Amino acid sequence: MAASLISPYAGDETSIGDAVEMLRKTGHPISKTTLERQCRARGVQLFKHRGRNYASWTDLLKVHRDWLDAS
């Protein structure tokens, strides 16, 4: 399992690039394009700010978990 921590805080947006770096530390890396593609496939809302995509950290953890489970 990628991570079991789910943030209890609202407004937990994280950039996709930062999320990729944090998820790399789990020992189960995922590329930025794969994470974005998996988000779109699962209906996770991406927010664009200054040319970077952001999403809820909680949603990104769930996407990463599901992606690992499917591998």
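Heads up: the structure comes first, above all this text.
I will try to describe carefully the structure that is included in this document. Keep in mind it's a predicted model, so treat the numbers as computed, not measured.

Now for helix α1 (residues 16–24). Here α1 has its buried residues at Ile16, Ala19, Val20 and Leu23. Take α1 and look down its axis: the buried residues cluster within an arc of 105 degrees, on one side only. Elements that come into contact with the buried residues of α1 comprise β1 (13–15), α2 (32–41), β3 (52–56) and α3 (57–70).

The next subject is α3. A rise of 1.5 Å per residue sets the reference length of α3, with its 14 residues, at 20 Å; its end C-alpha atoms lie 20 Å apart and thus fit the reference within 8%. Among the residues of α3, those classed as buried are Trp57, Thr58, Leu60, Leu61, Val63, His64 and Leu68. Of the surrounding secondary structure, the elements contacted by the buried residues of α3 are β1, α1, α2 and β3.

Here the focus is the sheet that holds strand β2 (residues 47–49). Strands sit in the order β1-β3-β2 across an open sheet of 3 strands; the sheet is antiparallel. In this open sheet, the two strands that pair with only one neighbour each are β1 and β2. Taken over all neighbouring pairs, the strand axes of this sheet differ in orientation by 40 degrees on average, direction set aside. In the packing of α3 onto the sheet, contacts are made with β1 and β3, and the angle to β3 comes to roughly 85 degrees.

Next up on the list: the packing of α2 against α3. Interhelical geometry of α2 versus α3 gives an angle of 100 degrees and a closest axis separation of 10 Å. The pairing of α2 with α3 is recorded here as roughly perpendicular in orientation. Contacts from Thr34, Leu35, Gln38 and Cys39 of α2 reach α3 at Leu60, Val63 and Trp67. In the contact of α2 with α3, the residues fall into 5 nonpolar, 2 polar and no charged.

Analysis parameters
The residue numbers shown here count from 1 along each chain, following its written sequence. The predicted nature of this model means local features are confined to residues of pLDDT at least 70 and side-chain atom pairs, given and counted, to a pLDDT of 80 or more, with totals for whole chains, interfaces and linings taken over all residues. The side-chain values count all of the structure's non-hydrogen atoms but skip hydrogen atoms and water molecules. Burial here depends on accessible area, computed with a 1.4 Å probe over protein chains only, as a share of the maximum for the residue type. Under 20% is buried, over 50% is exposed, and the range in between is partly exposed. Each helix is a run of DSSP H or I of at least 4 residues and each strand a run of E of at least 2, with the numbering of both proceeding from the N terminus. Directions from the helix axis toward the C-beta atoms define the arc. By the convention used here, residues are in contact when the closest approach between their heavy atoms is within 4.5 Å. An expected span of 1.5 Å times one less than the residue number is assigned to each helix. We treat two strands as partners when DSSP finds at least two bridges between them. Axis geometry follows a simple rule: fit a line to the C-alpha atoms, using only the stretch in contact for helices, then measure angles between N-to-C directions, giving values from 0 to 180 degrees. In these notes the angle categories are as follows: under 35 degrees is roughly parallel, over 145 is roughly antiparallel, 65 to 115 is roughly perpendicular, and the rest is oblique. The residue classification treats Ala, Val, Leu, Ile, Met, Phe, Trp, Tyr, Cys and Pro as nonpolar and Asp, Glu, Lys and Arg as charged. All others, Gly included, are polar.

Read these as spatial facts, not as claims about activity.
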